[in-house]
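Each chain, letter by letter, is given below.
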Amino acid sequence: MTDQAVQPTTAGPAPRPFTGPHPFTGRDRELRALHEDIERAGLHTISGRPLPQSRVLLIAGAPGSGRTALAEEFVRRIADRYPGGVLRARLTDPGGTRVPAERTARDLLAALAPQDGTTGTTRTAGETRASVATAPGTPPPGADESVVTETLRAALVRRGRVILLLDDVADSDQVLDLAPESRDCLVVAVSSGPLTDVPDVRPCTLGGLDRAAAVALLARYAGSAPRITVDPRSAEALAELCGDLPAALTLMGGWLGAHPKLSVLDAATRLAGSEQVAPDGEEAAQPSAPRPPAPRAPAQPASHSSSAPLARAFRLVHDSLTRPHARLLRLLSLAPAGVVDPQLASALGGCSVSTAHAALDAYVRLGLLRPLDGEGDEGGDGGGSSDRYQVPGCLDPLLRTELAAHERPGEVLLARARMLERLVRQLQACRAVCEPAGSEARKELAGMPRALRFLHPLEARAWLEARRPALLSAARMAVAEGEGELDTLARRLVSALARAFDAHRDPEEAAPELYRLHELVLRVAERNRMHRERAAALLNLGDLDARTDRFEGALVRYRTALDAARQGNDERAAGRALESLGDSYAELDDCDRAADWYGRALALRLARDERADREATARLHGRIGTVHAQAERWEEALRSWRAAAAVFRRLREPGAQARALAEAAQVQERAGWPQDALRTWGQALEVSRGAEDVGLETALELRAADACARVGDLRAAQRHRAAAARLRGSSARAATADPGPGRREEAEPVLGYPAGSDEGH
């Protein structure tokens, strides 16, 4: 997942995303070295050939060494020197999966976009949605990774002095893909090893804290009891057993705070002999019945073995928990992107929200979780508490090892299913709050538990934006894991997420996420040989390609969708694919192929006799007429427009019929048949009077006047213009007499043929 934020220094110091209960401790020498590395000239600069790349500072250390905390503290201290702000990205997902550079670059570009406080719009159901028009400089959905990363680098150069904090970097390529060619930008990379391929990188390697800082950190988490002060030697021995690693010290400090009757020597003894001591001590964080030691996994990676200080400290804390709390802790490794809130924890553990909330707070005191900032969680409970927590990256592999050792696969699968079902319900509530009052969705929303409901669309949007990375991670996890057994839930989650994006975000803003979601649906459909779902996903992907003028890619999607629709006997999807192929060829100015595909779609519609098919038939006649006129095949164009008018007449839509006749008249004018055009203009005018559309009738009167003037009949032209003036006057008087809230200012009437209702577009 990528979790980034842009925080200009004019708005205050950049906040730390993982805020613990105590201030930063130690690492004074490392902070001084990092400050010096910013100004120190590299070998290339000394030789007179400075590199154009940004300065890269590397903070390297083992998991649990406090490398991310050091990076955040360093960035906080120098943020005022970089007015462009701070951007953060995590380049490795929980579980060790590398984050694609394209996803990271898009999220950073979104964070760089101007923030005016009104990004995105909340629309009620049925409101017309504009087509996706990518903002200048923004890569279209589905663009190549190299295009997206190049766009990001250019945007960072334009931004000026900015800090790019990259956490959990796996290799040099991840940094090189994102780092701009500008000395004004500072890149702070956090990794477990060297980045040898990054030019002029400045490494800062971390070990343990110095002993005084380690004891101080232990004392802060252990609470106010004077156990550290009265027994400094045992405190130093405990710090040494923890390897002076901040994560291990935090865990042991939290464990001491939960066992106020035990001494520091007791803690050191138990940590040193954690493999020989029973998991439950005399004192527990909470009273519980004794439980026998659970069998361990037969084999563990060396980095996670029980001999490591962090692994031993974690095991001691884990085994001191009550059985329900230990189980819930292990299940937190399933949380998408490592982010959990009480609602999600409740679903994973199968317990009440209040019980889950209390457990999460207990984990924070023990150092097992870190609270996240509550940005974007405004309002009431709205789909969950405003409290969110992060599973520390150094503990994630240990939790996964414990999960595999203690939980059966079926139980893990059930916990995932409960979590996904809860997310689906929250997203449905997020969408329903935007529906009109009294709608079915609003009635269902009123019947949901208060903790799942939203009181206002702004509250729902804040919840959606705050959890967007985690929700997308949940969708990816549902598709990738579970060996296909979660596919139904995955499809429901993707559908609910897409609808929520549609309700709360602009089309341009949501397009990249929608592209990824449709790709996930396509993956599920292909895995289960679901031809109809596969056709629908391909059509949606093709639409997103076409809306960003990538018609060649759209043509491939539409042809594949047509094959899938035919395999699934889905005539509606097949008709949509045929029509979309015609649209794409029309945009490419290939009139012959456009007319051919429109003709195939028309033949399919003519074989059906539903009203939607009749409306589509009229629309297709019009599109065939348009491409024939563009190719100057006047007779074919005229025949198609007259056919469209005839269908609208049978549908009893006089306005659409009049517009189709007007298009036919324009074809006759362009073909050099002015007298025929005059007669057709007259027919259009006659039909328009039954539509009771003053704007349409006015436009037709003016067009008829122009046609009469071109053939030299000035009196007729004058009559038509006078009629248009009377219509305008009557329309203005009616608007003045009844200036209702829905009145629109009538500009110059523009005649245009309606596209009709594009199914699925």
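In what follows, the accompanying structure is described. (Residues numbered from 1 in each chain as written. Predicted model: local features only at pLDDT ≥ 70, side-chain atom pairs only at ≥ 80, totals over all residues. Heavy atoms only, no water.)

**Topic: the sheet that holds strand β3 (residues 163–169)**
Sheets are built from strands paired through backbone hydrogen bonds, the pairs being either parallel or antiparallel.
Right, so step 1: Read across the sheet, five strands follow the order β2-β3-β4-β1-β5 without closing on themselves; strand pairing throughout is parallel. The strands lining the two open edges of the sheet, one partner per strand, are β2 (86–90) and β5 (202–205). On average, each strand axis in the sheet is tilted by 15° relative to the strand beside it, whichever way the strands run.
Right, so step 2: Bridge analysis of β2 against β3 gives five bridges, and the strand direction is parallel. Opposite Leu 87, over in β3, you have Leu 164 as the bridge partner.
Right, so step 3: Contacts from helix α1 (residues 28–39) reach β1 (55–60), β4 (186–191) and β5, with the element oriented near 160° to β1. (Pairing = 2+ DSSP bridges. Helix = DSSP H or I, 4+ residues; strand = E, 2+ residues; numbered from the N terminus. Axes fitted to C-alpha atoms, helices over the stretch in contact; angles between N-to-C directions. Contact = heavy atoms within 4.5 Å.)

**What to know about the pattern of salt bridges**
Any two side chains of opposite charge can pair if their charged atoms end up close together.
Right, so step 1: The final tally for this structure, using the stated rule, is 50 salt bridges.
Right, so step 2: Note that Arg 534 and Glu 526 form a salt bridge whose closest N and O atoms lie 3.6 Å from each other.
Right, so step 3: Glu 526 sits in the partly exposed class, given a relative accessible area of 44%.
Right, so step 4: The partner of Glu 701 in a salt bridge is Arg 689, with the nearest N and O atoms 3.7 Å apart. (Salt bridge = Lys/Arg side-chain N within 4 Å of Asp/Glu carboxyl O. Buried < 20%, exposed > 50% of the residue type's maximum accessible area, 1.4 Å probe, protein only.)

**Re the packing of helix α23 (residues 531–547) against helix α25 (residues 571–587)**
A pair of packed helices is captured by two measures, namely the crossing angle of their axes and the spacing between those axes.
Right, so step 1: The geometry of α23 relative to α25 is characterised by a closest axis approach of 10 Å and an angle of 25° between their N-to-C directions. With respect to their mutual orientation, α23 and α25 come out roughly parallel. Viewed along their axes, α23 and α25 form a crossing whose handedness is left-handed. Residues Ala 535, Leu 539, Asn 540 and Asp 543 of α23 touch α25, and the partners they reach there are Ala 573, Arg 576, Ala 577 and Ser 580.
Right, so step 2: Among the residues forming the contact of α23 with α25, the class breakdown is four nonpolar, two polar and two charged. (Parallel < 35°, antiparallel > 145°, perpendicular 65-115°, else oblique. Left-handed = near helix turned anticlockwise from the far one by under 90°. Nonpolar A, V, L, I, M, F, W, Y, C, P; charged D, E, K, R; others polar.)

**A short note on the sheet that holds strand β8 (residues 389–390)**
Right, so step 1: Pairing in this open sheet of three strands is antiparallel, and the strands run β6-β8-β7 from one edge to the other. Two strands close off the open sheet at either side, each with one partner strand: β6 (339–340) and β7 (370–371).
Right, so step 2: Taken together, the two bridges between β6 and β8 define a ladder with antiparallel strand orientation. Bridge pairing in β8 places Val 339 opposite Gln 390.

**Concerning α23**
Right, so step 1: Taking 1.5 Å per residue as the helical rise, α23 with its 17 residues ought to reach 24 Å, and the 24 Å between its terminal C-alpha atoms agrees with that figure.
Right, so step 2: Looking only at α23, the buried set comprises Arg 534, Ala 535, Ala 537, Leu 538, Leu 539, Leu 541, Gly 542, Asp 543, Leu 544, Asp 545 and Ala 546.
Right, so step 3: Along its buried surface, α23 packs onto α22 (507–527), α24 (551–567) and α25.
Right, so step 4: Of the residues one or two after α23, Asp 549 is the one with positive phi, at around 65°. (Expected span 1.5 Å × (residues − 1).)

**Considerations on unusual backbone geometry**
Right, so step 1: Its identity is not glycine, yet Asn 569 carries a phi of approximately 55°, on the positive side.
Right, so step 2: Take Asn 569: it is sitting in the loop between α24 and α25.
Right, so step 3: Judged by its relative accessible area of 61%, Asn 569 is exposed.
Right, so step 4: Positioned with a positive phi, Glu 632 is a non-glycine residue whose angle comes to about 60°.
Right, so step 5: By secondary structure assignment, the location of Glu 632 is in the loop between α27 (611–630) and α28 (634–650).

**Here we look at the nonpolar core**
Right, so step 1: Formed by 138 residues in total, the largest nonpolar core has its most connected members in Leu 238, Met 252, Leu 332, Tyr 363, Leu 368 and Leu 517.
Right, so step 2: Broken down by element, this core gets its largest block of residues, eleven residues, from helix α17 (residues 409–432).
Right, so step 3: With near-sequence residues (within four places) excluded, Tyr 363 lies in contact with Leu 321, His 325, Leu 328, Leu 329, Leu 332, Leu 368 and Leu 369. (Core = buried A, V, L, I, M, F, W, Y, C linked by side-chain atoms within 4.5 Å.)

**Quick notes on the packing of aromatic side chains**
Right, so step 1: Inspection of every chain in the model, using the stated rule, returns one aromatic pair.
Right, so step 2: Over the face of the ring belonging to Tyr 82 we find Arg 161, whose NZ or CZ atom lies 4.4 Å from the ring centre. (Phe/Tyr/Trp six-rings, centres within 6.5 Å; stacked < 30°, edge-to-face > 60°. Lys NZ or Arg CZ within 6 Å of the ring centre and 35° of its normal.)

**Some thoughts on the environment of Gly 160**
Right, so step 1: Residue position: Gly 160 is located in the loop between α5 (145–159) and β3.
Right, so step 2: Residues Gly 160 and Tyr 82 lie 78 residues apart in sequence; the distance between their C-alpha atoms is 8.3 Å.
Right, so step 3: Those residues in contact with Gly 160 that lie beyond four places of it in its chain are Asp 184 and Cys 185.

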